[in-house]
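The lines below spell out each chain.
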Amino acid sequence: MEKHTLVKELLSKGIMVSPQELESMKDGNIVPPLDRNVQKSTRESKVLCKLDTTLQPKKITIDDAVRENCQMYEKLKKVLLRKVEAVSINNIGRSSTKNCILGLVREITQNGFVLEDTTGNIHVKTTEKPEQGDVVAVRGWLRESVFFAEEVVYPDIPMAREVSTIDCLITLSDRSDHLQKSDISISPDTLMVDGDEKRLPNPAWISLERDGKSAVIVVYSCKGKIEKETALHWLKRRYVGPSNGPVPDNARVLEKVPDILWIVSENEQWTFNYKGVTVISFGRGKSALVDMKTRKVEIM
């Protein structure tokens, strides 16, 4: 084979060779450089996967519970302050204008709720129905020591954000016969990447990266059946699971916006998309194949 013909054929396959490599090739022998470059390309396009782990203490003290509660509140407060400008509760009485306050829903009342921050608490009158333990901001007016809400603002998922389109297939399943159909296999308990199995905490935060693009997957296991409306409220408040338990779990704060939220529960399979977040829910014995580029979910 002539050298110029050989170079042309190599270039058509996306392969560049040095003059030294070209001289060393025998006529028609283009297998070694082809193999070398294909292997290199495969390594470069591999999906990089990272599992974020949170160590949970074996015993929880009262001080631990207080610290966890404060950390959860501060994380959600930080998210809300990107949306609103708020004043502390103890300062709203000094103003006769419309105000915005921010705090934790301490108690649900007949015509609203009690909102608490680090400076005090106040009764908010509204028809909005948050849950005890939610962190929200409220815009409105103070009248006779009662705050009349015009709007209740949740941390929520932002509208203006770039939605990930990483080229990757994900299997969500605990069935071994479905684990070879994708780049990454995730069960409620384990993460499988290139034959390497890692134990998942609950919730599990999994970061993926490929060709300069990234994505975040959250896996959360809970008891009972979870309806779509419940999952939607979790996204709005940026916290999965019950927030009024004895000890909040800071790993359940959706400080980062996930691309995939898999809720492992006991209900029938369902899925929906909310502001770029693909939410999937089903229990053990079921499977789903997720195309991270198109967000198509194939229930199996």
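Residues numbered from 1 in each chain as written. Predicted model: local features only at pLDDT ≥ 70, side-chain atom pairs only at ≥ 80, totals over all residues. Heavy atoms only, no water.

**A few points about the pattern of salt bridges**
Taken as a whole and assessed by the stated rule, the structure comprises 11 salt bridges. One salt bridge in this structure joins Glu131 and Arg237, with 3.1 Å as the shortest N-O distance. With Glu131 in the loop between strand E4 (120-125) and strand E5 (135-143) and Arg237 in helix H5 (residues 228-237), this pair connects stretches of sequence that are 106 residues apart. By relative accessible area, which is 38% here, Glu131 ends up partly exposed. Arg295 is the partner of Asp259 in a salt bridge, and the nearest nitrogen-oxygen pair spans 3.1 Å. (Salt bridge = Lys/Arg side-chain N within 4 Å of Asp/Glu carboxyl O. Helix = DSSP H or I, 4+ residues; strand = E, 2+ residues; numbered from the N terminus. Buried < 20%, exposed > 50% of the residue type's maximum accessible area, 1.4 Å probe, protein only.)

**Comments concerning the environment of Pro188**
Note that Pro188 resides in the loop between strand E8 (184-186) and strand E9 (190-193). When the C-alpha positions of Pro188 and Pro201 are compared, they lie 9.2 Å apart, and in sequence the two are 13 residues distant. Residues contacting Pro188, with those up to four places away along its chain left out, are Ser173, Asp174, Leu200, Ser221, Trp262, Val264 and Arg284. (Contact = heavy atoms within 4.5 Å.)

**Considerations on the environment of Thr230**
Assignment of secondary structure puts Thr230 in helix H5. Overall, Thr230 belongs to the partly exposed group, its relative accessible area being 30%. Taking the C-alpha atoms as reference, Thr230 lies 9.1 Å from Gly241; in sequence the two are 11 residues apart.

**Things to note about the sheet that holds E8**
Neighbouring strands of a sheet are bound in pairs by backbone hydrogen bonds; such pairs are parallel or else antiparallel. Read across the sheet, 6 strands follow the order E10-E9-E8-E7-E16-E17 without closing on themselves; strand pairing throughout is mixed. Looking at the sheet topology across the chains shown, the edges are occupied by strand E10 (196-199) and strand E17 (296-299). For this sheet, the mean angle separating the axes of adjacent strands, direction not counted, is 20°. With 4 bridges joining them, E9 and E10 adopt antiparallel strand pairing. Residue pairing for E10: Val193 is matched across the bridge by Asp196. (Pairing = 2+ DSSP bridges. Axes fitted to C-alpha atoms, helices over the stretch in contact; angles between N-to-C directions.)

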